[in-house]
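Geometric and topological summary
Here are the chains, one letter per residue:
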Amino acid sequence: MTLFRSLDEHHPLTGRLAMGVEYDGSAYCGFQFLKQAPSVQGALEKALGRVASQAVRVHSSGRTDSGVHATRQIIHFDPPVARSEKAWVFGVNANLPRDVAVRWVKEVPETFHSRFKALARRYRYILLNQPSRPVLERANVTWCRDPLDAEAMHRAAQALVGEHDFSSFRAAGCQSKTPWRHLHFIEVHRHGPLVVIDVQGNAFLHHMIRNIVGALVTVGRGERGDDYLGELMALKNRRLADVTAPACGLHFVDSLYDECWGLPREPLGPNLLAFLGEWAGERPLPDCPMVEFRRGRPVAAGQEAI
């Protein structure tokens, strides 16, 4: 997708619409609507309702925790009225708070579902590793004043790749029916003072990434060895595992779909990492039952699409 292009203002969009949404989650209880606290979903539905002059219900590619950010949250909704591309993007943004924005809108078939058609989700966790506290980055990184060995963290993280029982890394209040998840990859790299943990999987348990990061920081500090993450996973007990990393460093950067939906490609966020130059959907997905199932392809007998 070209970053700079004119939005169409003459042809009303019809049928189901998909939207790319970016937000700073600092002031929100998470994406999902809650009565007792402000949510990103609530802000979006209010802004969409003003443009449509009617109530609008949205569905997302995934939930995010309180305080977690997103640069490519995909939502879909069935608009009660027809509006142009420009009206949806500019109109919704004009009615959103400054910490939430629509990046694009696109017509999709009625069979598209932002959650159930997603093949994978990708997050980046950013640690600012320096002696002094952050200033300009304070809302979207986690500060660690102790020196971290990013190479050791990367080695330790490889024990998590593949399909495993992640009970040791799920929050006590997690509502998922199963602790099994398929981690496609997890990488830890240093870029100057930034230590970036880049992780993709079919889906994630409540607090799963933040719990993984907490354990990786322990390895990075030299307090535990390369086998630590594998040992924790084998315990299958969250109470015997490590701390939960803060939400402010976590960014939801991509939700992946089959190419048939034609969703726009974008540079992976957050913009703090734009120098890495990677775009959404560039990496191939693994050959696994869930990906095949959601692409509508036959799954071998005995294999479950988790």
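Since the structure is predicted, the reported quantities are computational estimates derived from the model, not experimental observations. (Residues numbered from 1 in each chain as written. Predicted model: local features only at pLDDT ≥ 70, side-chain atom pairs only at ≥ 80, totals over all residues. Heavy atoms only, no water.)

Concerning the overall build of the chain
The number of helices and strands found in the chain is 6 helices and 12 strands. For the chain, whose C-alpha radius of gyration is 20 Å, the value lies close to the compact-globule estimate of 19 Å for 306 residues. Relative to its 306 residues, the chain shows a buried fraction of 51%. Partitioning the contacts of the chain with sequence separation of at least 6, the portion at a separation of at least 24 is 72%. Summed over its atoms, the accessible surface of the chain is roughly 14600 Å², and 51% of this surface lies on carbon and sulfur atoms. Computed over 37 positive and 33 negative side-chain charges, the inter-centroid distance for the chain is 6 Å. (Helix = DSSP H or I, 4+ residues; strand = E, 2+ residues; numbered from the N terminus. Rg over C-alpha atoms; globule rule 2.2 N^0.38 Å. Buried < 20%, exposed > 50% of the residue type's maximum accessible area, 1.4 Å probe, protein only. Contact = heavy atoms within 4.5 Å. Areas by Shrake-Rupley, 256 points an atom, 1.4 Å probe, with all protein chains shown as cover. Lys, Arg positive; Asp, Glu negative; His and termini not counted. Charge placed at Lys NZ, Arg CZ, Asp CG, Glu CD.)

Thoughts on the packing of helix α3 (residues 150-157) against helix α4 (residues 208-220)
Each pair of packed helices can be summarised by the angle the axes make with each other and by the distance between the axes. Here α3 crosses α4 at 130°, and the two axes come no closer than 8 Å. Here α4 runs oblique to α3, going by the angle between their axes. At the point where α3 passes α4, the crossing takes the right-handed sense. Along the contact surface, α3 presents Ala 152, Met 153, Ala 156 and Ala 157, while α4 presents Leu 216, Val 217, Val 219 and Gly 220. Across the contact of α3 with α4, the residue classes break down as 7 nonpolar, 1 polar and no charged. (Axes fitted to C-alpha atoms, helices over the stretch in contact; angles between N-to-C directions. Parallel < 35°, antiparallel > 145°, perpendicular 65-115°, else oblique. Left-handed = near helix turned anticlockwise from the far one by under 90°. Nonpolar A, V, L, I, M, F, W, Y, C, P; charged D, E, K, R; others polar.)

Concerning the nonpolar core
The biggest cluster of nonpolar side chains holds 66 residues, and the ones touching the most others in it are Met 19, Trp 88, Phe 169, Leu 216 and Leu 229. If we ignore the near neighbours within four places in the chain, the residues touching Met 19 are Leu 48, Gln 73, Ile 74, Ile 75, Phe 77, Trp 88, Val 92, Val 102, Trp 104 and Val 105. Residues Ile 74, Ala 118, Tyr 257 and Trp 261 belong to the second largest nonpolar core, which totals 9 residues. (Core = buried A, V, L, I, M, F, W, Y, C linked by side-chain atoms within 4.5 Å.)

A closer look at the packing of helix α1 (residues 40-52) against helix α2 (residues 85-95)
In the contact formed by α1 and α2, the axes pass within 8 Å of each other and the chain directions differ by 125°. Taken together, α1 and α2 sit at an angle that is classed as oblique. Where α1 crosses over α2, the handedness of that crossing is right-handed. Across the interface between the two elements, Ala 47, Leu 48, Arg 50, Val 51 and Ala 52 from α1 touch Ala 87, Trp 88, Gly 91, Val 92 and Asn 95 from α2.

Re the environment of Ala 159
Tracing the sequence through the fold places Ala 159 in the loop between α3 and β9 (162-165). The class of Ala 159 is partly exposed, set by a relative accessible area of 32%.

Things to note about the side chain of Asp 242
As for its placement among the helices and strands, Asp 242 is situated in the loop between α5 (228-235) and β12 (250-256). In this structure, Asp 242 is buried with no salt-bridge partner, the nearest side chain bearing the opposite charge being Arg 224 at 6.6 Å. Of note is the side chain of Asp 242, whose polar atom sits 2.8 Å from the side chain of Thr 218. When residues no more than four places from it in sequence are discounted, the contact partners of Asp 242 are Gly 214, Ala 215, Thr 218, Tyr 228 and Leu 232. (Salt bridge = Lys/Arg side-chain N within 4 Å of Asp/Glu carboxyl O. Polar contact = N/O pair within 3.5 Å; in protein donor to acceptor, adjacent residues only side chain to side chain.)

Quick word on the pairing of β12
The element β12 is largely enclosed, with a buried count of 7 among its 7 residues. Pairing between strand β4 (residues 69-77) and β12: 2 bridges, direction parallel. Note on β12: the bridge partner recorded for Ala 70 is Phe 252. (Pairing = 2+ DSSP bridges.)

So, the pattern of salt bridges
All chains considered together, the criterion is met by 19 salt bridges. The shortest N-O distance in the salt bridge between Glu 266 and Arg 103 comes to 2.4 Å. Within this pair, whereas Glu 266 is found in the loop between β12 and α6 (289-294), its partner Arg 103 is found in strand β6 (residues 100-107), the two being separated by 163 residues in sequence. For Asp 198, the salt bridge is made with Arg 124, and the minimal N-O distance between the two is 3.3 Å. Separated by 74 residues along the polypeptide, Asp 198 in strand β11 (residues 194-201) and Arg 124 in strand β7 (residues 120-129) bring together distant segments of the chain. Considered together, Asp 198 and Arg 124 belong to a single accessibility category, that of buried residues. One salt-bridge network, held together by shared partners, links Arg 122, Arg 124, Glu 187, Asp 198, Glu 278 and Arg 283.

Notes on the packing of aromatic side chains
One pass over the structure, following the stated rule, counts 7 aromatic pairs. Aromatic pair Tyr 123 and Phe 204: ring centres 5.4 Å apart, planes at 90°, arrangement edge-to-face. Remark: Phe 204 occurs in the loop between β11 and α4 and Tyr 123 occurs in strand β7; sequence separation between them is 81 residues. The residues Tyr 123 and Phe 204 share a single accessibility class, namely buried. With centroids separated by 6.4 Å and ring planes inclined at 55°, the aromatic side chains of Phe 166 and Phe 169 adopt a geometry described as tilted. Using a relative accessible area of 0% as the deciding quantity, one classes Phe 169 as buried. Site record: aromatic cluster; members linked through ring pairs are Phe 112, Tyr 257 and Trp 261. (Phe/Tyr/Trp six-rings, centres within 6.5 Å; stacked < 30°, edge-to-face > 60°.)

Purely geometric stuff here, so don't read any function into it on its own.
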